[in-house]
Amino acid sequence: MLRLKGRPLTLLVDRLDHGRLFTALGRLRETGQWVRQEFRYVGPQGAVIDGLTDARSVALDDGDRGDVLLTITDVTERNLWLREVQQARDDAERARADYHHILQSVGDGILGVDADGRIRFVNAAATAMTGRLDLDLIGRPPSDLLAGPDPEMEGATDGGMAEGGAARALALSLADGRPRSIACERLRRQDGGLMQVEVSVSPILASGKGFAPLAAPIAERIQGAVVAFRDVTARRSAEAALNLSERRHRVLVQSLHDALAMISADGGSLLANAMAERLLGGPARPLLDPTAPGYDGDGRLAPATAPDTLVPTTAGRRFIDANGNRMHGLPPAAEAAHSGRPVVERIVGVVEGDEATAPTRWLRVSSHPVADPAGRVEAVVSSVADITAVKALERELNVALDARERFLAAASHDLRQPVQALVLLSDLLLKESLSGEARRMAEQIQSSLGGLGGMLDGMLDISRLEAGLVAPNPEPVDVCALLTRLHGEFAPLAERSGQRLRMVAPPLATRTDPGLLERVLRNLLANALRYAPGGRILMGARRRGDRLQIEVWDSGIGIADRHVDRIFQDFFQVGNAARDRREGLGLGLSIAKRLVTMLGGVIDVTSSLGRGSRFTVSLPLTGSRPGGREPSGAGTGGGEPSGDSADRLIMLVEDDAVIRMALVLMLEEWGYRVVEAGSGTEADGLLDGLAEAGEVPDLILADYRLPEGTTGLMVMDMVRRRLSRDVPGILLTGDTSADRLREAAGAQCALLHKPIQPARLQDAVVAALTG
């Protein structure tokens, strides 16, 4: 007090409060009024307190002059506590605002319900889902919004509360304090519609501070509940669709005639339809097991390495492939599991027994691995079809085809023999002096025989193509030169028939077989001339990208839509309903399609009935330049024998006396000497006679089929062995079977098929004798 007495009051008051203090003191002196307020007071050690200050004017008795009496109350601790309380309130308000924002932003509808079961809080999602305002919902019970579970939904509630649904669950939770959930409840909307929702009820319990202590019963501690609901309409629809799809899938799988099974990588069965369950108990079981062992050298399954393998026993059972060979490696499912790649349509025969007549069950197996996200095979899906009946039909079909081929070969041979005799005799007949009527009849006979020979040649061409004896020989081809030559050959024919043949041939070249291509184009041009009487024909070529496109247009009768897909079939003809065989057998386009396919191209047709057709041949276009070797044409025929033909001796071996006589007459007319035999035995004796005379044959002309099981090839081999020299030979045959064609093609001799035109035979004889 001594230190402060007489000193300024400002020593005790924080300098920031000096102004307010002097203002308040001045007002007290002037008006006698003081407003209680706080000032910050500073102690000697710098301590600061909050002082609640009162003041009034006073007069002191001790003689000291008094003026104002200040009463200061220390409220520092009180202010600190108030600040803490305010901070707590601010934190609580911020937390409440955060929770309110969270509740308003969640997608689930949330209702705050008090202990009486009335709605006190509604978030934005709840108002959006119900279509009602929050003011319309506050104070109402949630049961006004809930219509109960959907009776069509299975497992709609938890805890067996199907009756009453979420409303009953809320009542129970407000009674016992336990949370509950309803898997599917119907929510009423303002527009009268219903929404499928998932409902959860969470009771709000008192913490023990306040009106309900922790020791109080649970019913007294329940302050309300939070009811949350989520829209599951789309999910329920998707689940229903998924369940329907799964049921359909199971019905589909079970109704399959083929067996379908999914086996896990460790051998466990995951899925199997009824057919698969039957096969899994039989011979197909080891073929579907990913853990099955491999086949041993005898086509049996090796002993299983895993004790729980699906393979029960394979005693007396062998596995063969489609060709009857023993199986090697792994069964299909095991191969797919080990390689990670599918095994598609593996034909497996299961032979029950070691006997040659043991029954065989044929199966077509496909196995596809199923990999997990890491790429490891976790299962194998296999399908199995029992094709035993199909294989039996296939065997019967092969037998029938073999029988048909033998019949056609025999029939062709037997037909060619008399046709050959008629061809030779008609040619000799026309060289005689005949009357006009007799010559016309002979010429008609020869023309008919030519048509018949063409039909037989067409059947021969089909046989040669099917036997694989025709192979393309690619070489540079000048397309312009080829078309120009064909135009020069066919244009006069078209002009005589009142037709016009035009050509568009740009300088194009490619690499292909010229003979086969020319044969295709000849066929197309001949068809155009035949089916466009008095019309126009256009032949041309053009480039289409990397393809050469050769087209033949005509303005003829056209092809009906129903026939367009059939014209490339064997023996089909358009516009020959009477089956006039002078028009051919209908093999031309069939052969042309086979030849174009062999050349790596495609042939197509577009046509309009009554307006004409366009045939297009599309081939790969290579980098060959025009001006290469011109394509070879057909044989010209009528070659002349060499000047020393009279010194050439031909051995003729033919069992048909008529054909042999005609051939002898024809060969002698050409200036050759001929010795003849009717069988292989006679040829052997004939060779003895020639040896005694010091002569040897220069050429062997022999039929293929001879008496006593001998063939013309055997006769040629006999003559060559006895003479120790390669005597040239020409083989005559009417047999067009694929086996016979392959056999003849492997022999070192020329091959001519009956009926043989004299000019063609003459060319072959000249070529053989001149090497």
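No experiment lies behind these values; they were computed from the predicted model shown.

**Q** Would you explain the nonpolar core in this entry?
**A** Within the largest apolar cluster, 40 residues are counted, with the highest numbers of intra-cluster contacts made by Leu521, Leu524, Ile550 and Phe615. Broken down by secondary-structure element, the contributors of at least two residues to this core are helix 13 (479-496), helix 14 (514-531), strand 18 (536-544), strand 19 (547-554), helix 16 (588-598), strand 20 (602-608) and strand 21 (612-620). Considering each element in turn, this core owes the most residues, 8 residues, to helix 14. Counting residues in hydrophobic clusters, the runner-up holds 26 residues, among them Ala662, Trp670, Ile730 and Val765.

**Q** I would appreciate a short explanation of the sheet that holds strand 2 (residues 48-57) in the present structure.
**A** Each strand in a sheet pairs with another by means of backbone hydrogen bonds, the pair being arranged parallel or else antiparallel. The 3 strands lie next to each other as 1-2-3, forming an open sheet whose pairing is antiparallel. The outermost strands of the open sheet, each flanked by one partner alone, are strand 1 (37-42) and strand 3 (68-74). Between one strand axis and the next, the sheet turns through 45° on average, direction left out of account. Here strand 1 pairs with strand 2 via 6 bridges, running antiparallel. In the sheet register, glutamine 37 faces strand 2, and the bridge partner there is threonine 53. On the sheet, helix 2 (residues 76-105) packs against strand 1, strand 2 and strand 3 and is oriented at approximately 120° with respect to strand 2.

**Q** In this structure, what is going on with the pairing of strand 12 (residues 343-352)? I would like to understand it.
**A** Residues in a regular strand project their side chains so that they alternate between the two faces of the sheet. As judged from the 4 bridges shared by strand 11 (residues 317-320) and strand 12, these two strands associate in the antiparallel manner. From the neighbouring strand, arginine 318 faces strand 12, where its bridge partner is valine 351. Bridge analysis of strand 12 against strand 13 (residues 360-371) gives 7 bridges, and the strand direction is antiparallel. Residue pairing across strands places glycine 349 opposite tryptophan 362, the latter belonging to strand 13.

**Q** How do you make sense of the pairing of strand 9 (residues 259-264) when you look at a structure like this?
**A** For strand 9, a buried count of 5 out of 6 residues is recorded, marking the element as mostly surrounded by other parts of the structure. Direction of pairing for strand 9 relative to strand 14 (residues 377-386): antiparallel, over a ladder of 6 bridges. Within the sheet, the bridge partner assigned to leucine 260 lies in strand 14 and is serine 383. The sheet contact formed by strand 9 and strand 10 (residues 269-272) spans 3 bridges and is antiparallel. Bridging across to strand 10, methionine 262 finds its partner in leucine 271. Linking strand 9 back to strand 10 in an antiparallel pair, the connection comprises 4 residues, with glycine 267 at a positive phi of about 100°.

Calculation criteria
- Residues numbered from 1 in each chain as written.
- Predicted model: local features only at pLDDT ≥ 70, side-chain atom pairs only at ≥ 80, totals over all residues.
- Heavy atoms only, no water.
- Core = buried A, V, L, I, M, F, W, Y, C linked by side-chain atoms within 4.5 Å.
- Buried < 20%, exposed > 50% of the residue type's maximum accessible area, 1.4 Å probe, protein only.
- Helix = DSSP H or I, 4+ residues; strand = E, 2+ residues; numbered from the N terminus.
- Pairing = 2+ DSSP bridges.
- Axes fitted to C-alpha atoms, helices over the stretch in contact; angles between N-to-C directions.
- Contact = heavy atoms within 4.5 Å.

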